[in-house]
Amino acid sequence: MKYLFLLGTALAVSTPALAQDAVAIGEQMAAGDRAMARTDITVTATREPTPITQVGQSVSVVTRDQIERTQATTATDVLARIPGISTVQSGGFGQPASVFVRGAENAQSLVLIDGVRINDPGDVGGGFDFGALPIGQFDRVEVVRGSSGVLWGSRAVGGVINFITARPTEQWTARGQAEYGWRDRKQASVSAAGLVGPVGLTLGGNWLKGDGFSAFNERRGATEKDGFESKSANARASIEFAPGLSADAGGFYTKANYDYDNTGADALNVGMKRDTLGYANLRYAGLDGRLNARVGYGINDTRRISDDAVFGPYTTNGRTERFEGQVSFAPIEQASVLVGGETEKQKFDDNYGSKDSTTIDSLFGNLTLRPFAGLTLNGGLRYDDNSDFGDRTTFAANGAWVIGGGDSAPVLRASYGEGFKAPSLYQLYTNAGFRALDPETSKSWDVGIEQPFAEGTGRFTLTYFDRKTKNLIDYDLANFNYYNVGRSRAQGVELGMQVTDWQGFDVNLAYTYLDAVNEDTGAQLARRPKSNLYASIDKAWAVGLKLGADLRVGGGRYDDTANTQYVGGNVVVGLRGAFAVTHNVEVYGRVENLFDEHYEVVRTYGTPGRSAYAGIRVKM
């Protein structure tokens, strides 16, 4: 590679974010503070642990306590509750699901598990299919909204989503959960973390199976249920060789089998999706925490099989291998610098003869300045050298200003970022042959304010965002080919409010107004609702009783790029409750879609009707 020598030099003195930046929450923050439960720290926005008040981008953090309080079971359940995000799924669990961050394409957001990229080179746009990802094994989810390409690379046009597993502490901890409900849906999950001598271990697993409901809408006449079964496992080990020098390695595996419909009618189709990732890292911390360096390797391997009852199976395989490194140094309290390098190779093949690969080598740097108390400024550059599309330099900057002191001090934020995303291998080299596509590029900015209240237990956020994209890639149904749209724009407002344990109350409000259009035609981008609202309230009593309710109001949207097929909005209400039988045992239950709302989010595809679930949790 043209810049492989430079990259190797950077690796010699630097470190990858990979899993280690997520790990740093549990291993580098102050002892005695359950860092994984903290919502005021992020590792994803800056690739190292940073107070959110020092980040100019919009960041949301979801903890294990919040996941359990809302009784979420899938990744999309959690993400749908965050401002700026909308989700769509073509049926139930296992069916294709997309997540739109501020209206960006699903493939324009980078998805991480423990800091390792899990976007699939075999996916149509090189994105990640959220449809078969359960949430049971994860203790934390971080979402950075807005372009993050300088630090995270070309896929982070819309933002970054990081799912993080448990981290060991000096004392072993474990949790288990079992649940049963509507249409014979069964779920079980376990997770444990602790020390064995000098080695820190994390182990986890999740199983989910059910009869499901028809992917083709049952209210349109479908009768065949589309069932599913998912199995997942994760593991991680870490060891400290000497003061400041440590290593870790780990992996994540998930496999889902499911039935699906794809022709606007019942069909006897079956599918399989398997994701496997692994990582290994060596890291160093010295100079009283002012110097941090890491080097490592990550791999992600994905296999998909769509076995059509008429045309037979279509199989794709995608693999990404990545070496990356970074070093951060703070010579003085008011300034720090982060530099790093990455090299990545993607491979893709299918059972119709496609077999191709691409590489990208990158160098990046970020400077952080704190000129006076409360003000943090970040600015960075990234250089990418793509083997198919040449080199590109992108820039990003953001700032955060805490005005005053105390729990009620407001925070002003602003950010600007540039994005660059090359066409996926699927788009370039599937059996229709090579297509002359241009890379997608973007420029985005946002400005917002955060106001803490309720003695620091609550925060209110208001953000305006605007992103312009050139050469957005879409599919031409008339010519059966991919093409560049030209220009698109997504702008809107995010409103969020979170209250955590204020006199026993937890409150969450997330509202998004989005105007996402193809500027060449004036048409709305497909499947993006103009407005989206999620609201919930929970109350806990000292006797161990918890009750809660949530409301989801989804706006209408067009299902196609020509804006000829409109899908109406929906209002969905849910109720939940839990009771602590002992200090370690809790029973819970919920009713979803209480009023049995009939609606679609993807035209002709079904959504769950009224359903009930009950379960038990055990913690040690």
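Anything mentioned here points back to the structure above.
What this report covers is the structure whose coordinates are included nearby. (Residues numbered from 1 in each chain as written. Predicted model: local features only at pLDDT ≥ 70, side-chain atom pairs only at ≥ 80, totals over all residues. Heavy atoms only, no water.)

Thoughts on the overall build of the protein
From N to C terminus, the protein includes six helices and 35 strands. The C-alpha radius of gyration computed for the protein amounts to 23 Å, which stays within 12% of the reference 25 Å derived for 620 residues, consistent with globular compactness. Relative to its full complement of 620 residues, the protein shows a buried share of 57%. In the protein, of all internal contacts separated by at least 6 residues, the share reaching a separation of at least 24 is 61%. Here the protein displays about 24,500 Å² of accessible surface, and carbon together with sulfur accounts for 59% of that area. Charge centroids of the protein, computed over 62 positive and 71 negative side chains, lie 1 Å from each other. (Helix = DSSP H or I, 4+ residues; strand = E, 2+ residues; numbered from the N terminus. Rg over C-alpha atoms; globule rule 2.2 N^0.38 Å. Buried < 20%, exposed > 50% of the residue type's maximum accessible area, 1.4 Å probe, protein only. Contact = heavy atoms within 4.5 Å. Areas by Shrake-Rupley, 256 points an atom, 1.4 Å probe, with all protein chains shown as cover. Lys, Arg positive; Asp, Glu negative; His and termini not counted. Charge placed at Lys NZ, Arg CZ, Asp CG, Glu CD.)

Focus on the pairing of strand S12 (residues 199–210)
Pairing of strand S11 (residues 185–196) with S12 involves 11 bridges; the strand directions are antiparallel. Of the residues in S12, the one forming a bridge with Ala188 is Trp207. Taking the residues that link successive antiparallel strands as the turn, the S11-S12 hairpin has two residues, and the phi of Gly197 there is positive, at about 65°. Two strands pair when backbone bridges link them, and S12 and strand S13 (residues 228–242) are joined in this way by 12 bridges, in the antiparallel orientation. (Pairing = 2+ DSSP bridges.)

A look at the environment of Met497
Here Met497 is to be found in strand S27 (residues 487–502). Between the alpha carbons of Met497 and Glu450 there is a distance of 9.4 Å; along the sequence they are 47 residues apart. Residues in contact with Met497, not counting those within four places in the same chain, are Phe453, Arg459, Phe460, Val507, Asn508 and Leu509.

Observations concerning the environment of Gly555
Within the secondary structure layout, Gly555 lies in the loop between strand S30 (545–554) and strand S31 (557–558). Residue class for Gly555 comes out buried when judged on its relative accessible area of 12%. Taking the C-alpha atoms as reference, Gly555 lies 31 Å from Lys186; in sequence the two are 369 residues apart. Setting aside anything within four residues of it in sequence, one finds Gly555 in contact with Pro529, Ser531, Asn532 and Gly569.

Structural notes on unusual backbone geometry
Of note in this structure, Gln503 is not a glycine but carries a positive phi near 50°. Mapped onto the secondary structure, Gln503 falls in the loop between S27 and strand S28 (505–518). The backbone phi angle of Asn593 is positive, close to 50°, even though this residue is not glycine. Looking at the element boundaries, Asn593 is found in the loop between strand S34 (585–592) and strand S35 (611–619). Asn593 gets classed as buried once you look at its relative accessible area, which sits at 4%.

Focus on the sheet that holds strand S7 (residues 116–117)
Reading across the sheet, the five strands line up as S3-S8-S9-S6-S7 and stay open at both edges, with mixed pairing between neighbours. Each end of this open sheet is capped by a strand with a single partner; those strands are strand S3 (58–63) and S7. Across six bridges, S3 lies against strand S8 (residues 138–145) in antiparallel orientation. By the bridge assignment, Ser58 is partnered in S8 with Arg145.

Comments concerning the packing of aromatic side chains
Tallying each qualifying case throughout the model produces 13 aromatic pairs. Ring centres of Tyr297 and Phe323 lie 4.9 Å apart, and the angle between their planes is 45°; this geometry places the pair in the tilted category. Taken together, the residues span a long stretch of sequence, with Tyr297 in strand S16 (residues 291–308) and Phe323 in strand S17 (residues 312–332) at a distance of 26 residues. Residue Phe323 is classed as partly exposed on the basis of its relative accessible area of 42%. Arranged with centres 5.2 Å apart and planes meeting at 70°, the rings of Tyr558 and Tyr566 form a pair that is edge-to-face. Residue Tyr566 is classed as exposed on the basis of its relative accessible area of 52%. Three or more aromatic residues joined by ring pairs make a cluster, and in this case those are Phe138, Phe163 and Phe252. Over the face of the ring belonging to Phe100 we find Arg528, whose NZ or CZ atom lies 4.3 Å from the ring centre. In this arrangement the basic side chain of Arg617 is found over the ring face of Tyr588, its NZ or CZ atom lying 4.2 Å from the centre. (Phe/Tyr/Trp six-rings, centres within 6.5 Å; stacked < 30°, edge-to-face > 60°. Lys NZ or Arg CZ within 6 Å of the ring centre and 35° of its normal.)

Quick look at a nonpolar patch on the surface
Together, Trp541, Val543, Leu547, Phe579, Val581, Val587, Ile616, Val618 and Met620 make up a nonpolar patch on the protein surface, roughly 820 Å² of accessible area in all. Its place among the elements puts Met620 in the segment after S35. Taking relative accessible area as the criterion, Met620 reaches 67% and is therefore assigned exposed. (Patch = residues over 30% accessible without salt bridge, like charges linked within 9 Å, V, L, I, M, F, W, Y side chains within 5 Å. Salt bridge = Lys/Arg side-chain N within 4 Å of Asp/Glu carboxyl O.)

Quick word on the pairing of strand S33 (residues 570–580)
As defined by bridge partners, S30 adjoins S33 across 10 bridges and the pair is classed as antiparallel. In the sheet register, Gly554 faces S33, and the bridge partner there is Asn570. Bridging between S33 and S34 involves six bridges; their strand directions are antiparallel. By the bridge assignment, Phe579 is partnered in S34 with Val587. The loop that links S33 with its antiparallel partner S34 comprises four residues.

A word on the pattern of salt bridges
Summed over all chains, the structure comprises 47 salt bridges. When the shortest N-O distance is used, the salt bridge between Asp184 and Lys186 registers 3.0 Å. Here Asp184 falls in the partly exposed class, since its relative accessible area comes to 29%. A relative accessible area of 23% places Lys186 in the partly exposed class.

So far we have only geometry, and geometry alone does not tell us how the molecule works.
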